[in-house]
Amino acid sequence: MTTTDKASTRDRLLDAAAELFYRDGVSIGVEALCRTAGVSKRSMYQLFDSKDEVLAASLERRSARYEALFVPGPEEAGTPRERILHVFRQQEQASADPDYRGCPYLAVLVELKDPAHPASAVARARKDRMQDAFRGQAELGGARDPELLARQLMLLFDGASARAGARIETLDGLVTTTAEALLDAAGVR
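What you see is a predicted model; the values in this text were computed from it and never measured.

Student: It is not clear to me how the overall build of the protein chain should be interpreted in this structure. Could you clarify?
Tutor: Summing up its helical and strand segments, the protein chain has nine helices and zero strands in all. Counting from the amino terminus, the protein chain carries its helices and strands in the arrangement α-α-α-α-α-α-α-α-α. For the protein chain, the C-alpha atoms occupy an extent of roughly 60 × 35 × 30 Å along the three principal directions. For the protein chain, the proportion of its 189 residues judged to be buried stands at 46%. When contacts within the protein chain are restricted to residue pairs at least 6 apart in sequence, those whose partners lie at least 24 apart make up 67%. Accessible area of the protein chain: about 9900 Å², with a carbon and sulfur share of 52%. Between the averaged position of the 26 positive side-chain charges in the protein chain and that of its 29 negative side-chain charges there is a distance of 3 Å.

Student: How should helix α5 (residues 80-95) be read in this particular structure?
Tutor: Side chains that are three or four residues apart share a direction in an α-helix, a result of its 3.6 residues per turn. Compared with the 22 Å implied by 1.5 Å per residue over 16 residues, the 23 Å span of α5 between its first and last C-alpha is a close match. If you check which residues of α5 are buried, you get Pro 80, Arg 81, Arg 83, Ile 84, Leu 85, Val 87, Phe 88, Gln 90, Gln 91, Glu 92, Ala 94 and Ser 95. Where α5 is buried, its residues touch α4 (51-70), α7 (118-140), α8 (146-165) and α9 (174-186).

Student: What is the right way to read the nonpolar core from this model?
Tutor: Ranked by size, the top nonpolar core spans 54 residues in total, and within it Leu 33, Phe 88, Phe 134, Leu 149, Leu 153 and Phe 157 carry the most contacts. Elements with a minimum of two residues in this core: α1 (3-24), α2 (30-37), α4, α5, α6 (104-112), α7, α8 and α9. Among the elements that make up this core, the one with the highest residue count is α8 (eight residues). Excluding its chain neighbours within four sequence positions, the residues that come into contact with Leu 153 are Ile 84, Phe 88, Phe 134, Ala 179, Leu 182 and Leu 183.

Student: Got a minute to help me understand the pattern of salt bridges in this structure?
Tutor: Under the defined criterion, the tally for this structure stands at 11 salt bridges. In this structure, the salt-bridge partner of Glu 67 is Arg 126, at a minimum N-O distance of 2.4 Å. Of this pair, Glu 67 sits in helix α4 while Arg 126 sits in helix α7, placing them 59 residues apart in sequence. Since its relative accessible area comes to 2%, Arg 126 is described here as buried. One salt bridge in this structure joins Arg 81 and Asp 184, with 2.7 Å as the shortest N-O distance. You can see Arg 81 sitting in helix α5 and its partner Asp 184 sitting in helix α9, a full 103 residues away along the chain. Bridged by salt links that share partners, the residues Asp 11, Asp 15 and Arg 61 form one connected network.

Student: So what exactly am I meant to see when it comes to a negative patch on the surface here?
Tutor: On the surface, Asp 49, Asp 52, Glu 53 and Asp 114 cluster together into a patch of negative charge. For Glu 53, the location among the structural elements is in helix α4.

Student: Got a minute to help me understand the environment of Ala 166 in this structure?
Tutor: Looking at the element boundaries, Ala 166 is found in the loop between α8 and α9. Ala 166 sits in the partly exposed class, given a relative accessible area of 48%. The sequence separation of Ala 166 and Gly 102 amounts to 64 residues, and the corresponding C-alpha distance is 7.5 Å.

Student: Any chance you could explain α2 here in plain terms?
Tutor: The set of residues buried in α2 consists of Val 30, Leu 33, Cys 34 and Ala 37. The buried residues of α2 all sit within an arc of 95 degrees when viewed along its axis, so they share a single face. In α2, those exposed residues whose orientation departs by more than 90 degrees from the buried face are Glu 31 and Arg 35. After α2 finishes, the residue Gly 38 shows a positive phi value of roughly 75 degrees.

Student: Quick question: what am I supposed to make of the packing of α4 against α7 here?
Tutor: Describing two packed helices takes the angle between their axes plus the distance from one axis to the other. Contact geometry of α4 with α7 gives a least axis separation of 8 Å together with a crossing angle of 15 degrees. By the criterion of interaxial angle, the relationship of α4 to α7 is roughly parallel. As α4 packs across α7, the resulting crossing turns out to be right-handed. Contacts between α4 and α7 involve Asp 52, Leu 55, Ala 56, Leu 59, Glu 60, Ser 63, Tyr 66, Glu 67 and Phe 70 from the first element and Pro 118, Ala 119, Val 122, Arg 126, Arg 129 and Met 130 from the second. Classifying every residue of the contact of α4 with α7 gives nine nonpolar, one polar and five charged.

Parameters at a glance
- Residues numbered from 1 in each chain as written.
- Predicted model: local features only at pLDDT ≥ 70, side-chain atom pairs only at ≥ 80, totals over all residues.
- Heavy atoms only, no water.
- Helix = DSSP H or I, 4+ residues; strand = E, 2+ residues; numbered from the N terminus.
- Buried < 20%, exposed > 50% of the residue type's maximum accessible area, 1.4 Å probe, protein only.
- Contact = heavy atoms within 4.5 Å.
- Areas by Shrake-Rupley, 256 points an atom, 1.4 Å probe, with all protein chains shown as cover.
- Lys, Arg positive; Asp, Glu negative; His and termini not counted.
- Charge placed at Lys NZ, Arg CZ, Asp CG, Glu CD.
- Expected span 1.5 Å × (residues − 1).
- Core = buried A, V, L, I, M, F, W, Y, C linked by side-chain atoms within 4.5 Å.
- Salt bridge = Lys/Arg side-chain N within 4 Å of Asp/Glu carboxyl O.
- Patch = residues over 30% accessible without salt bridge, like charges linked within 9 Å, V, L, I, M, F, W, Y side chains within 5 Å.
- Arc of directions from axis to C-beta.
- Axes fitted to C-alpha atoms, helices over the stretch in contact; angles between N-to-C directions.
- Parallel < 35°, antiparallel > 145°, perpendicular 65-115°, else oblique.
- Left-handed = near helix turned anticlockwise from the far one by under 90°.
- Nonpolar A, V, L, I, M, F, W, Y, C, P; charged D, E, K, R; others polar.

Dropping the structure here:
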């Protein structure tokens with residue numbers, strides 16, 4: 001098997017894993033994963049030691065794309081307040097998609113309940129980076145307590161993600177106005 005074939009097989013596995021785990025949860029079996037990816041179990045185990053490693057690798061692989069969706073890049077101008085609100089506007093937009101199931105990283109943390117699981121470590125790191133970004137913008141915006149505000153914003157983001165992903169709540173106009181109220185209360189400009 002050539003290197004190109006291995007990369008293709010790996011990509012197909014990671015694409016299938018991202019789709020299945022997001023849509024159906026982490027309990028998807030190896031057979032369903034391999035069938036969807038169009039690869040044999042043998043091929044999967046040549047590339048990964050376990051389904052857990054496939055899940056972790058698929059989460060890591062989508063991290064940059066996920067961050068690009070929600071967090072404005074450094075080239076995008078705006079005040080710290082505008083940069084924070086951008087995240088929640090993007091969340092409102094994403095939640096309108098009929099295939100939206102909420103934050104994939106939060107879902108993994110909730111489903112696995114095992115902080116030692118390799119996918120939990122990837123998910124926790126992604127959530128920590130988001131909280132760090134909120135804290136950094138809160139500091140730049142003059143928040144009275146940037147750490148507390150970052151935690152509040154994460155609670156809002158994750159709570160909104162869970163409720164919208166479960167189709168309990170629509171986020172249109174709700175999450176951004178709630179974020180604005182938190183920013184006002186914290187003194188962020």
